[in-house]
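Chain residues, written in single-letter form:
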Amino acid sequence: MARGKLRIYLGAAPGVGKTYAMLAEAHRRVERGTDCVVAFVEHHDRPRTEVLLHGLEQVERQQLAYRDTEFSEMDVDAVLARRPAVAMVDELPHTNVPGARNRKRWQDVEELLAAGIDVVSTVNIQHLESLGDVVESITGVRQQETVPDDFVRRADQVELVDMSPHALRRRMAHGNIYKPDKVDAALSNYFRPGNLTALRELALLWLADRVDEYLQEYRSEHRVSKIWGSRERIVVGLTGGPEGRTLIRRAARLAEKGAGGEVLAVYIARSDGLTAASPKELAVQRTLVEDLGGTFHHVVGDDVSAALLDFSRGVNATQIVLGVSRRKSWQYVFGPGVGATVARDSGPDLDVHLVTHDEIGSGRGLAPAARAGIGRGRRAWGWATGIGGPALLTLLLSNAAPHLGLANDMLLFLAVTVAAALLGGLLPALCSAAVGTILLNWFYTPPIHRLTIADPKNILALAIFIGVAVSVASVVDVAARRTHQAARLRAESEVLAFLAGSVLRGETSLEALLDRVRETFAMESVALLERADDTSPWTCAGRVGPEFATGRPEDADVDMPVGDHTALVLHGRVLPAEDRRVLAAFAAQAVVVVDRERLKSEADTARTLAEGNRIRTALLAAVSHDLRTPLAGIKASVSSLRSHDIEWSERDRADLLEAIESGADRLDHLVGNLLDMSRLQTGTVRPLVREVDLDEVVPMALGGVPDESLALVDLDIPETLPMVVADPGLLERSVGNVVENAVKYTPGDVPVLIAGSAHGDRVELRVVDRGPGVPDDAKTRIFAPFQRHGDAPRGAGVGLGLAVARGFAEAMGGTLVAEDTPGGGLTMVLTLRAAGVPAQDVPYVDSELAGDDEDQPRGERGDQGHAQPPHHQAPEDVVPQLVRGARHGEGAAGGER
């Protein structure tokens, strides 16, 4: 079954008329006798669009229930059963209601196309997935419903539905797009002229690229090699020389003269990897061409002229920009040069510009020496073998085997030539061949001891010897160079593999990476320099090794730029050109590491600010209700006492004064918890630990328990219980908060048990209640600040008691955890170090004290809380450092210095 064809109307913005154009096409096809149905069209109550639905067959929609609401979606099964020739499907990026056949409507369309049904659909440019970030930066609105670019690009036809911004705004103002009550908001936000112009440009550029793809496909299918000048594409041929910048700027000026001009800079590298190009200069030129809006390409080819022309024709270029050759006059004896060859072979459809520059005739320099990879020691041995080897062999043959024959003598001399090539390269081998030829002629070719040759056959033999010696020496030298290159490439690949692995794992720090650079290239010191702009001074982002005498990249032995404002600099020695390729990879990775560290720091700062905002919001919520409630009671009581209209009895006055005292006590308790939480978060709690008896501190901690509940508290603190190491004031406050929380949730006639026990080097204090208990998944959350669990009434506290209790416990090196009470209820276990046990390094705030996730559900039992680490800063209005007084006396702040 043939696949159906897809036609898409691409809108530059909402309201340009995509659906109208699609329905108009449906009417045209119906008039031509095509079996066409409307599978799904949303007219949005636009009268002109709704009128076009008349006379078209519409497939009944599928009704789906979701969250007690009925939704209508396209019925894919009904369309497949109807099997029309063409189906009209509106709003391609739409997300279907859960329960539909597919998640996205474009997937529904994919099914229709696979069934052989042609589809006409619509989509706006802002719904293309690849343009989501761009559209958000323009309009400030993130599109949630998107369609993959690949699906749209695979459409058989894409037609742009466009309209000028002013015309679209007029259509909006006339009420043809949105209802009148929404027009003003739309015109002042999404439909601003600047937004519409930018969206229109996006649509035109995206469609232009699509047209280029169609053109390339057509040229490829029809094997069109001739250049079609549909738009100006200018190819700049670069050699890595300093004239490249001039050529790039000239090409950019040429591109600006024609609408839609494009610049493509290309560097042709030989396949053997031997090149005199400067990697640093190429990096600068690549940055320049990208800054000018062009693209940089790296092509491998042994014939530079042919490779440049093949590339130009492949991209359908119309012009080539080359620099006049830097070769000196005598160097033209080796050939006409790349520029002349390209101009000769370009043909009439490709213009070639030869641009003059300051480097004309300055010389191209020599290619790297063939023995560049051979050390001095090996070269010395090679020359010794090439010169002394034939002489030593002659002496040996003359004394030990004078009658081997000329053929055998030549083979032995050939072996010496090969040895010289292996050791020293081509030049020592050629020297060995020349010396060997002279010695063979003098000692072993009749007439002996004369440089003349009597037999013509011997002349041919010596000529063949010279040819074979030179050929073998050349092959051996090339093989040795290739072996050296392979070993070097292997080492480079290992280094690059290390870098790639570090990128994927995100493990390498900047110092470790720079140290690796210093070790790899045997440098004294390595640093990464950066600056904000071209005029700012350079600053050091990271360094290993001795500090530089100057902080400028140009003063370093090696300077590897990364962009305009970052450079990796090395001190120690000048680096060979072939090493700069790997160095460039190190430099790029160093920049990535710096950016990652900065992003991590920014994320930590944002997280800190978010936590501060969360605490501030919770504090405001607490102040708005929990603190106002006792204030309201105090205010009412005071106003009543000051009223002269009513004569209060002594009992009434006592009741009002008691209400004032109760409200003040409650305020003191709430404010105390707020201040304690603030001190914990800002790290201002400094415990003064000493040996303390629990049977002395615990009774004092019960001072905050209401008198009517105090009788229901049972103490079980053995006199033999070891003393603990703690701050008495912080311990009293921590125990008091836990006991008050237990009393609050325990039924009125059931006692709360406070029991102490020793366990080796630790002492546990258990506060056992018989309340409703806490689920396992909430046993950690109940310590989060400003949270309560269960059915705690509003006004029963701001949700800080347990957070403060745990913070104080951990500040003293202890722990506070929640456990289930056998038979029902909750047990709080406070664990402290027993006296006489060596202190261990206990962190100031446990890792669990970093605040909970904002998405965590908030309950209402007990004062949940995680105090912030010391480096977190709470809002300034909740950060005072003051000595606690009131009901708990000085002990509440006993740990402060």
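**Considering the overall build of the protein**
Looking only at helices and strands, one finds 24 helices and 24 strands in the protein. Going through the 897 residues of the protein one by one, you find that 44% of them count as buried. Put simply, 72% of the contacts in the protein that link residues at least 6 apart link residues at least 24 apart. When the accessible surface of the protein is summed, it comes to about 45500 Å², and 54% of that surface belongs to carbon and sulfur atoms.

**Quick look at helix H12 (residues 304-314)**
Buried within H12 we find Ser305, Ala307, Leu308, Leu309, Phe311 and Ser312. Looking at the buried residues of H12, the elements they touch are strand E9 (233-238), strand E10 (262-269), strand E11 (295-300), strand E12 (319-323) and helix H13 (338-345). Where H12 begins, one side-chain oxygen reaches toward the backbone nitrogen of Ser305, 3.3 Å away; that side chain belongs to Asp303.

**Some points on the sheet that holds strand E22 (residues 762-768)**
Pairing within the open sheet is mixed, and its five strands lie in the order E19-E21-E22-E24-E23. Edge strands, defined here as strands with exactly one partner in the open sheet, are strand E19 (713-716) and strand E23 (815-820). Within this sheet the neighbouring strands show an average axis-to-axis angle of 20°, counted without direction. In terms of strand pairing, strand E21 (residues 752-759) meets E22 through seven bridges, oriented antiparallel. Looking at E22, one finds that His759 is bridged to Arg762. The strands touched by helix H24 (residues 801-811) are E23 and strand E24 (826-833); relative to E23, the strand with the most contacts, the crossing angle is about 130°.

**Here's the deal with the sheet that holds strand E1 (residues 6-11)**
An order of E3-E2-E6-E7-E1-E8 is seen for the six strands of this open sheet, with the pairing classed as parallel. Strands at the two margins of the open sheet, each flanked by one partner only, are strand E3 (57-58) and strand E8 (157-161). Here strand E6 (residues 86-89) runs beside strand E7 (residues 118-124); their pairing, made up of four bridges, is parallel. Within the sheet, the bridge partner assigned to Val86 lies in E7 and is Asp118.

**A few points about helix H4 (residues 105-114)**
Along H4, the positions that sit buried rather than exposed are Arg105, Trp106, Asp108, Val109, Leu112 and Leu113. Projection of H4 onto a plane perpendicular to its axis shows the buried side chains occupying an angular sector of 150°, all on one side. Directly after H4, the chain includes Gly116, whose backbone phi takes a positive value near 90°.

**A closer look at the packing of aromatic side chains**
Applying the stated criterion across every chain yields a total of three aromatic pairs. We note Arg105 situated over the ring of Phe40; from NZ or CZ to the ring centre the distance is 3.8 Å. Over the ring of Phe783 we find Arg806; its NZ or CZ atom is 4.0 Å from the centre of that ring.

**What about a negative patch on the surface?**
A contiguous patch of negative charge on the surface is contributed by Asp652, Asp655, Glu658, Glu661 and Asp665. Inspection of the secondary structure assignment puts Glu658 in helix H20 (residues 650-682). Exposure remark for Glu658: the relative accessible area of 53% places this residue in the exposed category.

**Quick notes on the nonpolar core**
Counting 62 residues, the largest nonpolar core has Leu112, Ile125 and Trp206 as its most contacted members. Examining the composition of this core, we find that six residues originate from one element, helix H9 (residues 193-221), more than from any other. Grouped together as the second largest cluster of nonpolar side chains are 42 residues, Val739, Ile754, Val804 and Ala834 included.

**A closer look at the packing of H12 against H13**
To describe two helices that pack against each other, one gives the angle between their axes and the distance between the axes. At their nearest, the axes of H12 and H13 sit 9 Å apart, and the two run at 45° to each other. Overall, the two elements H12 and H13 adopt an arrangement that is oblique. The handedness of the crossing between H12 and H13 comes out as right-handed. Across the interface between the two elements, Val304, Ser305, Leu308, Leu309 and Arg313 from H12 touch Val338, Thr341, Val342 and Asp345 from H13.

**Side note on unusual backbone geometry**
For Asp68, which is not a glycine, the phi torsion comes out positive at approximately 65°. By the element assignment, Asp68 lies in the loop between strand E4 (62-66) and strand E5 (69-73). The backbone of Arg83 sits at a positive phi, close to 50°, despite the residue not being glycine. By the secondary structure assignment, Arg83 is in the loop between helix H3 (76-82) and E6.

**As for the pairing of E1**
Most of E1 sits out of view: six of its six residues are buried. Where burial is concerned, the two faces of E1 agree: the one with Leu6, Ile8 and Leu10 and the one with Arg7, Tyr9 and Gly11 are both buried. Relative to E7, E1 is paired through six bridges, and the arrangement is parallel. Residue pairing for E7: Leu10 is matched across the bridge by Val123.

**With respect to the environment of Phe521**
Note on placement: Phe521 falls in helix H18 (residues 510-521). Judged by its relative accessible area of 5%, Phe521 falls in the buried class. When the C-alpha atoms of Phe521 and Leu575 are compared, they prove to be 8.0 Å apart, with 54 residues separating the residues in sequence. Setting aside chain neighbours within four positions, we find Phe521 in contact with Leu570, Arg573, Leu575, Asp579, Val582, Leu583 and Phe586.

**Some details on a nonpolar patch on the surface**
Taken together, the side chains of Trp383, Ile387, Leu427, Leu430, Ile466 and Val470 present a nonpolar region at the surface, about 470 Å² in accessible area. Secondary structure elements with two or more residues in the nonpolar patch: helix H14 (376-400), helix H16 (426-444) and helix H17 (456-505). Within the secondary structure layout, Val470 lies in helix H17.

**Focus: the packing of helix H21 (residues 694-701) against helix H23 (residues 728-745)**
Axis separation between H21 and H23 bottoms out at 8 Å; the angle between their running directions is 55°. The angle between H21 and H23 falls in the class oblique. The crossing of H21 and H23 is right-handed. For the pair H21 and H23, the contacting residues are Leu694, Val697, Met700 and Ala701 in the first and Pro728, Leu731, Glu732, Val735 and Gly736 in the second.

**A few points about the side chain of Thr341**
Looking at where Thr341 falls in the secondary structure, it is placed in helix H13. Residue class for Thr341 comes out buried when judged on its relative accessible area of 13%. The contacts of Thr341, once residues within four sequence positions are left out, are Ser305 and Pro336.

**Here we look at the pattern of salt bridges**
Should the charged atoms of two oppositely charged side chains come close, the side chains can pair. Counted according to the given criterion, the structure contains 25 salt bridges. Among the salt bridges present, the one from Arg61 reaches Glu42, with a minimum N-O distance of 3.8 Å. With Arg61 in the loop between E3 and E4 and Glu42 in the loop between strand E2 (36-40) and helix H2 (47-52), the pair connects residues that are 19 residues apart, well separated along the chain. Glu819 serves as the salt-bridge partner of Arg766, at 3.1 Å between the closest nitrogen and oxygen.

**Some words on a positive patch on the surface**
A surface patch of positive charge is lined by Arg249, Arg250, Arg253 and Lys257. Note that Arg250 resides in helix H10 (residues 244-256).

**Brief notes about the confidence of the model for the protein**
For the protein, per-residue confidence averages 77 on the pLDDT scale, and 79% of positions sit at 70 or higher. Overall, residues 365-373 carries pLDDT values under 50, and its contacts beyond four positions in sequence, including any with other chains, amount to seven contacts. Per-residue pLDDT stays below 50 along residues 791-796; that stretch engages in 15 contacts with residues further than four places along the chain or on separate chains.

Parameters and conventions
Residues numbered from 1 in each chain as written. Predicted model: local features only at pLDDT ≥ 70, side-chain atom pairs only at ≥ 80, totals over all residues. Heavy atoms only, no water. Helix = DSSP H or I, 4+ residues; strand = E, 2+ residues; numbered from the N terminus. Buried < 20%, exposed > 50% of the residue type's maximum accessible area, 1.4 Å probe, protein only. Contact = heavy atoms within 4.5 Å. Areas by Shrake-Rupley, 256 points an atom, 1.4 Å probe, with all protein chains shown as cover. Polar contact = N/O pair within 3.5 Å; in protein donor to acceptor, adjacent residues only side chain to side chain. Pairing = 2+ DSSP bridges. Axes fitted to C-alpha atoms, helices over the stretch in contact; angles between N-to-C directions. Arc of directions from axis to C-beta. Phe/Tyr/Trp six-rings, centres within 6.5 Å; stacked < 30°, edge-to-face > 60°. Lys NZ or Arg CZ within 6 Å of the ring centre and 35° of its normal. Patch = residues over 30% accessible without salt bridge, like charges linked within 9 Å, V, L, I, M, F, W, Y side chains within 5 Å. Salt bridge = Lys/Arg side-chain N within 4 Å of Asp/Glu carboxyl O. Lys, Arg positive; Asp, Glu negative; His and termini not counted. Charge placed at Lys NZ, Arg CZ, Asp CG, Glu CD. Core = buried A, V, L, I, M, F, W, Y, C linked by side-chain atoms within 4.5 Å. Parallel < 35°, antiparallel > 145°, perpendicular 65-115°, else oblique. Left-handed = near helix turned anticlockwise from the far one by under 90°. pLDDT = per-residue confidence, 0-100.

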